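A structural walkthrough
One letter stands for each residue in the lines below.
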Amino acid sequence: MPAPAVPTAAMAVQVPLWHHYLQAIRSREAPRAQDFQRAENVLLTVLERVHALDRRFIVDYSRGLEAFQFALRSSEDPMDMEVPLWVDAEALLIEEPEATRPGDGPELCRLGVPREGAGLERWTTDDTFTASSEGDAKCRGHIVPSKVLCVLKDLLVAAIVHCKHHSLIAPGSLNAASLREEQLHLSLLVSSGWRTISFHVVPVVRRKLGVPALEGVQQMPGFPEGSLRRILGQGVDLVPASAQLWRTSADYLLTRLLGELGSLQGHRLDSLSILDRVNHESWRDSGRTDGLTFGHLKVVLLWASVLFPAPEDWAELQGAVYRLLVVLLCCLATRKLPHFLHPQHNLLQGSDLDLGAIYQRVEGFASQPEAALRIHATHLGRSPPPRIGSGLKALLQLPASDPTYWATAYFDVLLDKFQVFNIQDKDRISAMQSIFQKTRTLGGEES
């Protein structure tokens, strides 16, 4: 009987470059998740002490998707740690400001305490509350974000001192120097082995009720049946938007939707992980320059999942990545990336990013991906892998400075030319036309 075949170096070289790159990313996912959980445990220990000092601030143990999301990423952008307020949000008065500018983001509001009603006395003390004029018959005053942040900052300092003094956290495991910064969150650096993770501690008010901007998105193609209705039924959070105003935040809902995509067959999450690593290492020079965030790319994947809902759209890894690239290039060229649950909000507006330069980097990767899909020198062969066809390369090199090239008619041509897409369902092109036609009216003038 002949001996079993032994894998050779030549056989190893045959592993497709895309899958080789993905394997390297996956090999880091479990250690990253463990690092996050260790860092999160340190922060939860501190927040438990915060709760003991002031019962108005609750420790949230229920959100386990942050470790899953951190494991998907290569970037080191800060992670949010939400601190719910112990308040009956449904009893509060949600007051919209009289005028907001286009593109200000998801709904802004003030949180009023009604004159009638009980159970809100703990939120009418001077440290978190500003009284209204006597002429206001309905509202006693408002819970002020800047005051809540100030109280939470003082509590964090006291809790950290207590935890260090009683050896509840390891020496050097937490750096609170950035707490001095005046922002809409409180920054902490937490060490987990050799990795340091940045957290933004954010006070949140949980609401069971939805918001008008979420209506009409109960069902979307590309997601498991019933998942959108179930997730959106959880309501949204209110987080600080300014010294006086709160805003709705659907970040956790987006992460839940990301988790739903992970339950499907195909390379949806793999394509996101690949682009996030390329973005971090190549487009952002290992995080040394400003650029797209994981949050931007996450929304691109959510839109791409709706525009390409069929399982076969995500069966092949390279094709899955290029689906995200097509949507991303369109958004950069038109300077509009609609929020997935608040489409009237343009996530690229007011970012101060050089979108033209980012477009060139993304287009360069789409034209010649092998230049970025390198883990180390041993992955390089004697000759570069095959590149995309010259006709498609010419299409991708159309300038971002003239958004007319990215009109819906051009999108039709681009999708038809992409051999990896093999698109037969014209309804998908119609859906893409509808989505990105709407983005032209978002945010006022072009930035």
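The rules we used
- Residues numbered from 1 in each chain as written.
- Predicted model: local features only at pLDDT ≥ 70, side-chain atom pairs only at ≥ 80, totals over all residues.
- Heavy atoms only, no water.
- Helix = DSSP H or I, 4+ residues; strand = E, 2+ residues; numbered from the N terminus.
- Contact = heavy atoms within 4.5 Å.
- Areas by Shrake-Rupley, 256 points an atom, 1.4 Å probe, with all protein chains shown as cover.
- 1 Å grid on protein atoms, 1.4 Å probe; cavity = no way out; pocket = protein on both sides within 12 Å on 5 of 7 lines; lining within 4 Å.
- Points joined across faces, edges and corners; volume = space filled by probe spheres on them.
- pLDDT = per-residue confidence, 0-100.
- Expected span 1.5 Å × (residues − 1).
- Buried < 20%, exposed > 50% of the residue type's maximum accessible area, 1.4 Å probe, protein only.
- Pairing = 2+ DSSP bridges.
- Core = buried A, V, L, I, M, F, W, Y, C linked by side-chain atoms within 4.5 Å.
- Axes fitted to C-alpha atoms, helices over the stretch in contact; angles between N-to-C directions.
- Parallel < 35°, antiparallel > 145°, perpendicular 65-115°, else oblique.
- Left-handed = near helix turned anticlockwise from the far one by under 90°.
- Nonpolar A, V, L, I, M, F, W, Y, C, P; charged D, E, K, R; others polar.

Observations concerning the overall build of the protein chain
For the protein chain, the count of helices and strands is 13 helices and ten strands. Restricting the contact set of the protein chain to residue pairs at least 6 apart, pairs at least 24 apart contribute 69%. Put simply, the protein chain shows about 21200 Å² of open surface, and 53% of that area lies on carbon and sulfur atoms.

Focus: the layout of surface pockets
Roughly 1700 Å³ of internal volume is contained in the largest pocket. A per-element tally of the lining of the largest pocket places helix H8 (residues 294-307) first, with five residues.

Overview of the confidence of the model for the protein chain
Considering every residue of the protein chain, the mean pLDDT works out to 78; 75% of them sit at 70 or more. Per-element confidence in the protein chain is highest for helix H4 (residues 145-165), whose mean pLDDT is 96, and lowest for helix H1 (residues 9-13), whose mean pLDDT is 39. Across residues 1-14, confidence stays below pLDDT 50; counting only partners more than four residues off in sequence or on other chains, it has one contact. Predicted confidence is poor over residues 376-386, with pLDDT under 50, and the contacts of this stretch with residues over four places away or in other chains come to five contacts.

A few points about helix H7 (residues 268-283)
Helical periodicity: at 3.6 residues per turn, an α-helix aligns residues three or four positions apart in one direction. Under the 1.5 Å per step criterion, the end-to-end length of H7 is 21 Å for 16 residues, consistent within 8% with the ideal 22 Å. Taken from the residues just after H7, Asp-285 is the one with a positive phi, measuring 55°.

Quick word on unusual backbone geometry
Not every positive phi belongs to a glycine, and Ser-167 is a case in point at roughly 55°. Here Ser-167 is to be found in the loop between H4 and strand S6 (174-175). If you check the backbone angles, Arg-335 has positive phi at about 60° while not being a glycine. Its place among the elements puts Arg-335 in the loop between helix H9 (317-334) and helix H10 (355-367). For Arg-335, a relative accessible area of 26% translates into the label partly exposed.

Looking at the pairing of strand S5 (residues 139-143)
The buried fraction of S5 is high, at four of five residues. Alignment of strand S4 (residues 129-131) against S5, held across three bridges, turns out to be antiparallel. Paired with Thr-130 across the two strands is His-142, which belongs to S5.

Regarding the nonpolar core
Counting residues in hydrophobic clusters, the biggest one holds 60 residues, and the most contacted among them are Leu-257, Ile-274, Leu-325, Leu-332, Phe-340 and Phe-365. Looking at this core, the elements that each hand over two or more residues are helix H2 (17-53), helix H5 (227-232), helix H6 (251-262), H7, H8, H9 and H10. Examining the composition of this core, we find that twelve residues originate from one element, H9, more than from any other. When neighbours within four sequence positions are excluded, Leu-332 is seen to be in contact with Leu-292, Leu-348, Leu-355, Ile-358, Tyr-359 and Val-362. Listed in part, the 47 residues of the second largest apolar core include Leu-47, Phe-70, Ile-160 and Trp-246.

Examining the pairing of strand S10 (residues 246-249)
Pairing of strand S3 (residues 108-114) with S10 involves two bridges; the strand directions are antiparallel. Among the inter-strand pairings, Cys-109 is bridged to a residue of S10, identified as Trp-246. Pairing geometry for strand S9 (residues 237-240) and S10, over four bridges, is antiparallel. When the sheet's bridge partners are listed, Asp-237 is paired in S10 with Ser-249. Counting the residues that bridge the hairpin from S9 to S10 gives five residues.

Thoughts on the packing of H7 against H10
Where H7 contacts H10, the two axes come as close as 11 Å, and the packing angle between them is 120°. With respect to H10, the axis of H7 lies oblique. Here H7 runs over H10; the crossing is right-handed. Touching Leu-275, Val-278 and Trp-283 of H7 are Arg-361, Val-362 and Phe-365, all from H10. Residue composition of the contact of H7 with H10, by class: five nonpolar, no polar and one charged.

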